[in-house]
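Survey of secondary and tertiary structure
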Amino acid sequence: MTVEQTLSIIKPDATRRNLTGKINAKIEDAGLKIIAQKRLQLTKQQAEAFYAVHKERAFFGELVDFMISGPVVVQALEGENAVARYREVMGATNPANADEGTIRREFAESIEANSVHGSDSLDNAAIEIAFFFSKIEIAA
């Protein structure tokens, strides 16, 4: 097993409902350590830059609008196989298909308002963490 880092974003639908603590408990109960965390309001430019990989997709504008609709909590997580482990904890993108006990099954409102984002690969995790955190902000 390899110790890795991954990014988590608690999305506006979850912060609006004060679910940060409940989501953090699920993260920590899964053996992942929160090594950096901050609450912020994304600007349109920041959201467009973060989700630039989806720029040509039909849902891009709606995604950006949703991500700037309220505060988010960005986190760097660390643990054994953190990328895959956090994706298991999050559950399927569609909450109806997510396993019982996962964040999305318990808290998501819809496919779009699915409460959390997590990196999909180790390479993307490094890019995404660096987007939000400087090295000095990460306390592993």
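Look up: the structure comes first, before these words.
Residues numbered from 1 in each chain as written. Predicted model: local features only at pLDDT ≥ 70, side-chain atom pairs only at ≥ 80, totals over all residues. Heavy atoms only, no water.

1. Some remarks on the environment of Phe 132
With respect to the secondary-structure elements, Phe 132 resides in helix H7 (residues 122-132). Residue Phe 132 is classed as buried on the basis of its relative accessible area, which comes to 8%. Linking Phe 132 and Asp 29, residues 103 residues apart in sequence, is a C-alpha distance of 24 Å. Residue contacts for Phe 132: discarding those within four places in its chain leaves Leu 7, Ile 9, Lys 38, Leu 40, Leu 42, Phe 50, Val 74 and Glu 137. (Helix = DSSP H or I, 4+ residues; strand = E, 2+ residues; numbered from the N terminus. Buried < 20%, exposed > 50% of the residue type's maximum accessible area, 1.4 Å probe, protein only. Contact = heavy atoms within 4.5 Å.)

2. Side note on the side chain of Ser 119
Considering the arrangement of structural elements, one finds Ser 119 in the loop between strand S4 (116-118) and H7. For Ser 119, the side chain forms a polar contact with the side chain of Thr 6, separated by 3.5 Å. Of the polar contacts made by the side chain of Ser 119, one reaches the backbone nitrogen of Leu 7; its length is 3.2 Å. Ser 119 has contacts with Thr 6, Leu 7, Val 83, Arg 87, Asn 124, Ala 125 and Glu 128, leaving out every residue within four places of it along the chain. (Polar contact = N/O pair within 3.5 Å; in protein donor to acceptor, adjacent residues only side chain to side chain.)

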